[in-house]
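The primary structure of each chain is shown beneath.
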Amino acid sequence: MANPSSVAVSLFRAAWLVLFIVTAGCVEKNGEAVVLSKEYLPPAPKEGPLPDARQTPDEQWRVQVEMRADLRKVDVLVESAEWQKLKVGDRVNVQYSQGKYTGTVWHSEIK
């Protein structure tokens, strides 16, 4: 039977390795973008099929922007008040995390 302290040390090392891989695999990017579209998604119904696969139990206010530097399209979740202020064609500064290997955007926000 394994010593409980050695098991704890092994788990601790594994957790640090996972944390390192996750944080080392992303690059922070930012720049100017243009608002392409705005979309409101109501909360998902409690029962039954989802009308839209992107729905969650919470309301969502989505803004799709296009980065001016590389024409990359990024979806940004914003608060209701900010969503109401933004108009299609507005220029905004966006910060996002992009996966080094897949190019996937993991987190984005309007600054």
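Quick note: structure is the one above.
Residues numbered from 1 in each chain as written. Predicted model: local features only at pLDDT ≥ 70, side-chain atom pairs only at ≥ 80, totals over all residues. Heavy atoms only, no water.

Asker: Is there a simple way to think about the packing of aromatic side chains in this case?
Answerer: Note on aromatic pairs: each is described by the distance of the centres and the angle between the planes. With the rule as written, the count across this model stands at 1 aromatic pair. Measuring from centroid to centroid gives 5.8 Å for Y40 and W61, while their planes differ by 45°, and the two rings are tilted. One end of the pair, Y40, is in strand β1 (residues 26-41); the other, W61, is in strand β2 (residues 60-67), and 21 residues separate them in sequence. Over the ring of W83 we find K38, and its NZ or CZ is 4.4 Å from the ring centre. (Phe/Tyr/Trp six-rings, centres within 6.5 Å; stacked < 30°, edge-to-face > 60°. Helix = DSSP H or I, 4+ residues; strand = E, 2+ residues; numbered from the N terminus. Lys NZ or Arg CZ within 6 Å of the ring centre and 35° of its normal.)

Asker: In this structure, what is going on with the environment of L41? I would like to understand it.
Answerer: Structurally, L41 is set in strand β1. Residue classification places L41 among the buried positions, given a relative accessible area of 5%. For the pair L41 and D52, spaced 11 residues apart in the sequence, the C-alpha separation amounts to 8.6 Å. Those residues in contact with L41, other than ones at most four positions away along the chain, are D52, R54, D58, E59, Q60 and R62. (Buried < 20%, exposed > 50% of the residue type's maximum accessible area, 1.4 Å probe, protein only. Contact = heavy atoms within 4.5 Å.)

Asker: Help me understand the sheet that holds β2, please; the structure alone is not making it clear to me.
Answerer: The strands making up a sheet are joined through hydrogen bonds of the backbone, oriented either antiparallel or parallel. Taken together, the 5 strands give an open sheet; going across it, the order is β3-β2-β1-β4-β5, and neighbouring strands pair in antiparallel fashion. Both outer strands of the open sheet, β3 (73-78) and β5 (105-110), are each paired with one neighbouring strand and no more. Strand-to-strand twist of the sheet, defined as the mean angle between neighbouring strand axes without regard to direction, takes the value 40°. Sheet topology note: the strand β4 (residues 91-99)/β5 ladder contains 5 bridges and is antiparallel. By the bridge assignment, V94 is partnered in β5 with I110. (Pairing = 2+ DSSP bridges. Axes fitted to C-alpha atoms, helices over the stretch in contact; angles between N-to-C directions.)

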